[in-house]
Amino acid sequence: MIAAIGLFIGVLAGLLVQPTVPLWLQPYLPIAVVAALDAVFGGLRAWFEGVFDDKVFVVSFVANVVIAAFVVFLGDQLGVGGQLSTGVVVVFGIRIFANAAAIRRHIFHA
Amino acid sequence: MAVLPARGAVTLLESISADALDPAYTEAAGHRSERPSQRRPAALRTAEIMLPIIVLGLLLATALAQTRRSVPDLAKERRALALRIEERTTRTDALLKEVELLRSQVAAAQSSGLSISDAGREKARELSRLELAAGAVPVTGPGLRVVVDDGTTSAGDQAQDGSERVLDTDLQRLVNGLWAAGAEAVSINGQRVTGTTAIRSAGSAITVGFRPVGRPYAVEAVGDPDEIEAKFVDGPGGRWFRTLQDNYGIVFRVSGERSLRIPAAGGLDVRYARVDGPQ
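The rules behind the values
- Residues numbered from 1 in each chain as written.
- Chains lettered and ligands numbered in written order.
- Predicted model: local features only at pLDDT ≥ 70, side-chain atom pairs only at ≥ 80, totals over all residues.
- Helix = DSSP H or I, 4+ residues; strand = E, 2+ residues; numbered from the N terminus.
- Buried ≥ 20, exposed ≤ 12 C-beta atoms within 10 Å, placed from the backbone.
- Contact = placed C-beta atoms within 7 Å.
- Core = buried A, V, L, I, M, F, W, Y, C linked by C-beta atoms within 7 Å.
- Pairing = 2+ DSSP bridges.
- Axes fitted to C-alpha atoms, helices over the stretch in contact; angles between N-to-C directions.
- Nonpolar A, V, L, I, M, F, W, Y, C, P; charged D, E, K, R; others polar.
- Left-handed = near helix turned anticlockwise from the far one by under 90°.
- Expected span 1.5 Å × (residues − 1).

Colleague: Can you walk me through the overall build of chain B in this structure?
Modeller: Along its length, chain B carries seven helices and eight strands. In chain B, buried positions account for 21% of the 279 residues. Sequence-distant contacts, at least 24 apart, represent 74% of the contacts inside chain B between residues at least 6 apart.

Laid out in C-alpha cells, this is it:
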C-alpha cells in the first residue's frame, strides 16, 4: 500500500516538476531506471516470500542505481559504453523477469 | 547464515536468474530470527520503503518525459533548417535576377559609350566576344541536351546502396566531356557553368556554383549541331556515362536541340588577378 502511494507521489512529482536532466547525466538515466526497477521487483518478491527487510531494500536500491550508472560511465570512458549498457540491461532484465515470475507464483499460485 | 548460489547454476545467465532474489534478504531474515528483539521504529521503516519508491517514480517520469520531449524537438529543428534553406534559396534567386538586370544596364551604358568612336566600336566587339566566352551574357543557339538521373535497382528502393546515384564527379566528367566536344556554353538545370564554376557534393546533394541542384540533372550545351553530339557520345564523357548506364542503371539520355537558351553566370568575380600594365 505505502509502496503504491510512494510510486504515485513520485510519478506525480516528476510529471509536475519536469526536472531537466543535465546533458552529461542523460545517458545514465535509463540505466538508473532499469536498476531501480530491479531493486523494487526484488523487494516485492522478498515481501511475498516473507523475508522483506527495509534496510536491505534501501541499500540494494541505492547500490543498484549507483553501480549501474558507474559501470556505464566507466564503459563510456573506455569506449564501450553502448555495449556495457546493453549488458547491464540484459542482466537486470533477466533478474526482473525471474522476480516477476516468482511474484506471479505467489499471487496466483501458478 | 551465508547463502550460496543455487546448486546447479552453471552458466552466468543461469546464476543471474537463480540469484534473482537478492541473497541479502534471506540473510537478513536469518539475522532477525536469531535476535528478534532488535526491531527499528516503524516510521523509519516506512520511510525506508517510501523513499526508494518515490525516487523510482521520479526517475520513471523524468526518463519518460525526456524521451518524449526529444522526439518533436528533432523534427522541429529539421523543419526550421529546411525553412531557412528555402528562404535563402529564394533570396539568392532574387539577387541573381537583380544582378542580371544591373548587368544589362551596364552593358547598355557601355555600348552607348563605346559607339562614339571607331576604336570604341572595336573594343565593344572584343568585349562581346569575351563576355560570351566568360559566360557573362545569356546565349541562345543549337546544341545538345543530356539528361542524367539516379538509377533504380531492380530490387526497389530498399536495396539501394548509393552506387546507382549520380555523383558530383560524374557531372564533372559530363561537363568536361561537353567542353571537349566543342561546347561553347554549358548549363546544369538552368545554371550556367563557366570555367570557375564548382560542381561538388554537399552531403548527399550536388551543388553547382554552390547552389543545390535537384535530380534529374538536365545538362545543356550550345555548340556545332553537326558535330557536338557525335563527338560527345564517342568522347570520354559519353563513354563514362554509357558504362554507368550499363553497370549501375543510371539514366542517360542525349538529344540534339535546335534552340537552347543558356542564362548568364551568377558570379564572375576575379578575386586576385589584376590587369597588368598601364591603364
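Structure's up, so let's keep going.
Colleague: Please clarify how the overall build of chain A should be interpreted in this entry.
Modeller: Summing up its helical and strand segments, chain A has four helices and zero strands in all. For chain A, the proportion of its 110 residues judged to be buried stands at 30%.

Colleague: So what exactly am I meant to see when it comes to the nonpolar core here?
Modeller: For soluble globular proteins, the rule of thumb is that nonpolar side chains tend to be buried together. I31(A), A32(A), A35(A), A36(A) and A68(A) are the most contacted members of the largest nonpolar core, which has 31 residues in total. Of all the elements in the fold, those that place two or more residues in this core are α2 (28–48), α3 (54–78) and α4 (81–108) of chain A together with α2 (23–34) and α3 (42–114) of chain B. The biggest single contributor to this core is α2(A), with 11 residues. Every residue in contact with I31(A), bar those within four places of it in the chain, is listed here: A68(A), A69(A), V72(A), S85(A) and V88(A). Grouped together as the second largest cluster of nonpolar side chains are 28 residues, V148(B), L178(B), L244(B) and F252(B) included.

Colleague: Hey, could you run me through the sheet that holds strand β1 (residues 139–149) of chain B in this one?
Modeller: Strand pairing in a sheet relies on backbone hydrogen bonds, with the paired strands running either antiparallel or parallel. All names here are of chain B. Reading across the sheet, the five strands line up as β3-β2-β7-β1-β8 and stay open at both edges, with antiparallel pairing between neighbours. Both outer strands of the open sheet, β3 (191–193) and β8 (251–262), are each paired with one neighbouring strand and no more. On average, adjacent strands in this sheet sit at an angle of 25° to one another, irrespective of strand direction. Relative to β3, strand β2 (residues 185–188) runs antiparallel, the two being bridged by three bridges. Pairing of S187 across the sheet is with R192, part of β3. This element, helix α5 (residues 168–180), spans β1, β2, β3 and β7 (217–222) of the sheet and lies at about 15° to β7.

Colleague: Explanation requested: the interface of chain B and chain A in the structure shown.
Modeller: Often, the extent of an interface is quoted as the loss of accessible area upon association of its parts. Contacts between the two partners involve 30 residues from chain B, matched on the other side by 41 residues from chain A. For the side of chain B that touches chain A, the elements supplying multiple residues, two or more each, are α1 (12–18), α2 and α3 of chain B. No other element matches α3(B), which puts 19 residues into the side of chain B that touches chain A. Tallied by class, residues from the side of chain B that touches chain A come to 21 nonpolar, six polar and three charged.

Colleague: How do you make sense of the sheet that holds strand β6 (residues 211–213) of chain B when you look at a structure like this?
Modeller: Residues and elements named next belong to chain B. Reading across from one edge, β4-β5-β6 is the order of the three strands in this open sheet, with antiparallel pairing throughout. Since the sheet does not close on itself, it has two edges, and those belong to β4 (199–202) and β6, each with one partner. Between one strand axis and the next, the sheet turns by 45° as a mean value, whatever way the strands run. Where strand β5 (residues 205–208) lies against β6, three bridges are found, and the strand directions are antiparallel. Bridge pairing in β6 places V208 opposite R211. Strands β4 and β5 of the sheet are contacted by α5, whose axis makes an angle of about 170° with β4.

Colleague: Teacher, can you tell me more about the packing of helix α1 (residues 2–17) of chain A against α3(B) here?
Modeller: A packed helix pair is summarised by two numbers, namely the angle formed by the two axes and the spacing between the axes. Packing of α1(A) against α3(B) brings their axes to within 7 Å, and their N-to-C directions diverge by 35°. The handedness of the crossing between α1(A) and α3(B) is right-handed. The class makeup of the residues in the contact of α1(A) with α3(B) is 17 nonpolar, six polar and no charged.

Colleague: Just to check I follow, could you spell out α2(A) for this structure?
Modeller: An α-helix turns once per 3.6 residues; consequently, residues spaced three or four apart project the same way. Residue and element names in this part refer to chain A. In this model α2 runs 31 Å from its N-terminal to its C-terminal C-alpha over 21 residues, within 8% of the 30 Å that 1.5 Å per residue would give. Counting buried positions along α2 yields 15 of 21 residues, so the element is predominantly enclosed. Positive phi appears at G50, one or two residues downstream of α2, with a value of about 75°.

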